[in-house]
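Listed here are the chains, written in short residue letters.
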Amino acid sequence: MVRANSVLREVDAVSRSVGELIAARQAAGSTPGARTDAARLALVVEGGSARGAYSHGMVMALEELGLLSCFDAVYGSSAGALNGAWLLCGRARGSERAWHADVVRRVISPARLLWGGRVVDTPFLVHSVYGHIVPMDFPAILANPVTFHPIGTDAASGAAVDLHPYLTDVAALQRALRATTCLPILAEHPVELGGRRFVDAGLAEPVPIRTALAQGATHVLVLRTRRADERAGAPSGLENRIVTRFLSRHAPGVVDTWLTRVEVHARDEELLAGHPAVWQVRPPLGAPTIGRVARDSRTLLRALALGRAATTDALAPYLPAVAPAS
């Protein structure tokens, strides 16, 4: 009991540190380039393919609360990068349509694997869904003073790479969004950007906390797509063989990253749990477990709502005008 109380106090101290910084910046109308404090506040958004419904709801809440300008940078891996982009372009609240059945079932279709097609059609998602069906304001992302840092896994080295330096125009931004979500086998082959080739960020850094801290973040709000009682499991022997064979052919530098990623993820969880200035917001206990290629729109929309409520509830104590969602 003593140990449990100690852990709770540590968690409360971290949330106060980050929460109070957010509250102070909002109250002061602080914006990037005109800060009165020396902190660097990063928003980090976890990936997870269809699990991204949770973090999509979370960024909706941040937009509703008017908190984007409180951050100095947004880091995202895979689906987390897509959701970070929605927040940065100011259209997160109006993008729920992207999780409706007709869109989800066009983007994700396991049956396509039978004839060699993409299970997850990321080019359709980025260019058609985000271009026309649920329009994303790409120029607004590039112009935002809160900098955008989608992560990719380098096909030659297996390392996590911040794609921010490659975001030179709309076409490059769209390629970066495809690169960060380029799931081996399930999506397209490695995506070229700036003369390099990239696959899904989740292989090297599914929660881009190491990159954010290495780039000087002093405070971090992390939006998670896994519950506190949910951990990434090791792949089966068959999955290991299939993915390793694919990577050996198309992204050889990623083979070791794939084979050691469970251990790396465990170390990242320790970092996230133990860092004194990292505050995590997660889906609530009892929330649905969502697989990478889940397509049930009712479950995904529920996850969206749960993520939205979890974020509002977490921030409510620091923003007096905000009532808890639940």
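One structure accompanies this document, and this report is about it. (Residues numbered from 1 in each chain as written. Predicted model: local features only at pLDDT ≥ 70, side-chain atom pairs only at ≥ 80, totals over all residues. Heavy atoms only, no water.)

1. Concerning unusual backbone geometry
Counted only if it meets this: Every helix listed is a DSSP run of H or I at least four residues long, and every strand listed is a run of E at least two residues long, numbered separately from the N terminus. Each residue's exposure class comes from its accessible area (1.4 Å probe, protein chains only) as a fraction of the maximum for that residue type: buried when under 20%, exposed when over 50%, partly exposed otherwise.
Of note in the backbone geometry, Ser78 takes a positive phi value of approximately 55° without being a glycine. For Ser78, the location among the structural elements is in the loop between β2 (73–77) and α3 (79–88). Backbone geometry places Ile185, a non-glycine residue, at a positive phi of 70°. Tracing the backbone shows Ile185 in the loop between α7 (170–180) and β5 (191–193). Taking the relative accessible area as the measure of exposure, Ile185 reaches 24% and is therefore partly exposed.

2. A look at the packing of helix α9 (residues 237–250) against helix α10 (residues 255–274)
Each pair of packed helices gets described by two things: the angle between the helix axes and the distance between those axes. Quick note on the threshold: Think of each axis as a best-fit line through the C-alpha atoms, taken over the contacting stretch in the case of a helix, with angles from 0 to 180 degrees between the N-to-C directions. Angles are sorted into four bins: roughly parallel if under 35 degrees, roughly antiparallel if over 145, roughly perpendicular if 65 to 115, and oblique for all others. For this analysis, residues touch if any pair of their heavy atoms sits within 4.5 Å.
For the pair α9 and α10, the least separation of the axes is 9 Å and the interaxial angle reads 150°. As summarised for this structure, α9 and α10 are arranged roughly antiparallel, according to the angle between their axes. Here α9 contributes Glu239, Asn240, Val243, Thr244, Leu247 and Ser248 to the contact with α10, which in turn contributes Val255, Trp258 and Leu259.

3. Notes on the packing of aromatic side chains
Convention followed: Aromatic pairs are defined between Phe, Tyr and Trp rings, using the six-membered ring for Trp, whenever the two ring centres lie within 6.5 Å; interplanar angles under 30 degrees are classed as stacked, those over 60 as edge-to-face, and all others as tilted. Note on geometry: a ring has a charge over it if NZ (lysine) or CZ (arginine) is within 6 Å of the ring centre and within 35 degrees of the ring normal.
Overall, the coordinates contain three aromatic pairs when judged by the stated rule. Relative to Tyr130, the ring of Trp86 has its centre 5.1 Å away and its plane inclined at 80°; by these criteria the two rings are edge-to-face. Residue Trp86 is located in helix α3, and its partner Tyr130 is located in helix α5 (residues 122–133); the two are separated by 44 residues in the primary sequence. Under the relative-accessibility criterion, Trp86 is labelled buried at 1%. Geometry around Phe124 places Arg106 over its ring, the cationic atom sitting 4.1 Å from the centre. Above the ring of Trp258, the side-chain terminus of Arg261 is found at 3.5 Å from the ring centroid.

4. Concerning the pairing of strand β3 (residues 147–154)
Stated precisely, the cut-off is as follows: We call two strands paired when DSSP finds no fewer than two bridges between them.
The buried fraction of β3 amounts to seven of the eight residues, a majority that puts the element mostly inside the structure. Note that β2 and β3 share five bridges and pair parallel. In the sheet register, Tyr75 faces β3, and the bridge partner there is His149. Counting the residues between successive antiparallel strands, the hairpin from β3 to strand β4 (residues 160–162) contains five residues, one of them, Gly158, with a positive phi of roughly 80°. Where β3 lies against strand β6 (residues 196–199), two bridges are found, and the strand directions are antiparallel. By the bridge assignment for β6, Thr153 is matched with Val199.

5. Quick notes on the packing of α5 against α7
Definition in use: Left-handed describes a crossing whose near helix is turned anticlockwise from the far helix through less than a right angle; right-handed describes the clockwise counterpart. Following the grouping adopted for this structure description, the nonpolar residues are Ala, Val, Leu, Ile, Met, Phe, Trp, Tyr, Cys and Pro, the charged ones are Asp, Glu, Lys and Arg, and the polar ones are all others, Gly among them.
α7 packs onto α5 with a crossing angle of 145° between their chain directions and a minimal axis gap of 9 Å. Between α5 and α7 lies a crossing whose hand is right-handed. Between α5 and α7, the residues in contact are Thr122, Pro123, Val126 and His127 and Gln174, Leu177 and Arg178, respectively. Taken together, the residues of the contact of α5 with α7 break down into three nonpolar, three polar and one charged.

6. Let's talk about the environment of Val199
Positionally, Val199 belongs in strand β6. What makes Val199 buried here is its relative accessible area of 2%. Between the alpha carbons of Val199 and Leu247 there is a distance of 9.7 Å; along the sequence they are 48 residues apart. Contact partners of Val199, with chain neighbours within four places excluded, come to Gly152, Thr153, Ala179, Cys182, Pro190, Ala251 and Val254.

7. A short note on α7
What counts here: Two N or O atoms count as a polar contact when they lie within 3.5 Å, although within protein this holds only if one can serve as hydrogen donor and the other as acceptor, and sequence-adjacent residues are included solely when both atoms are side-chain atoms.
Of all eleven residues that make up α7, eight are buried, and the element is covered over most of its length. The set of residues buried in α7 consists of Ala172, Leu173, Gln174, Ala176, Leu177, Arg178, Ala179 and Thr180. The backbone nitrogen of Ala171 lies 3.3 Å from a side-chain oxygen of the residue at the head of α7, namely Asp169.

8. Some remarks on the pattern of salt bridges
Rules: For salt bridges, the criterion is a side-chain nitrogen of Lys or Arg within 4 Å of an Asp or Glu carboxyl oxygen.
This model, assessed by the stated rule, comprises 20 salt bridges. Between Arg308 and Glu64 there is a salt bridge whose closest N-O contact spans 2.2 Å. Here Glu64 lies in helix α2 (residues 52–64) and Arg308 lies in helix α11 (residues 297–315), a separation of 244 residues in the sequence. When its relative accessible area of 25% is taken as the criterion, Arg308 is described as partly exposed. Overall, the relative accessible area of 37% leaves Glu64 in the partly exposed class. For the salt bridge of Arg210 with Asp268, the shortest nitrogen-to-oxygen distance reads 3.0 Å. Here Arg210, found in helix α8 (residues 209–214), pairs with Asp268, found in helix α10; they are 58 residues apart in sequence, far enough to count as distant.

In short, shape yes, function no, at least from these values alone.
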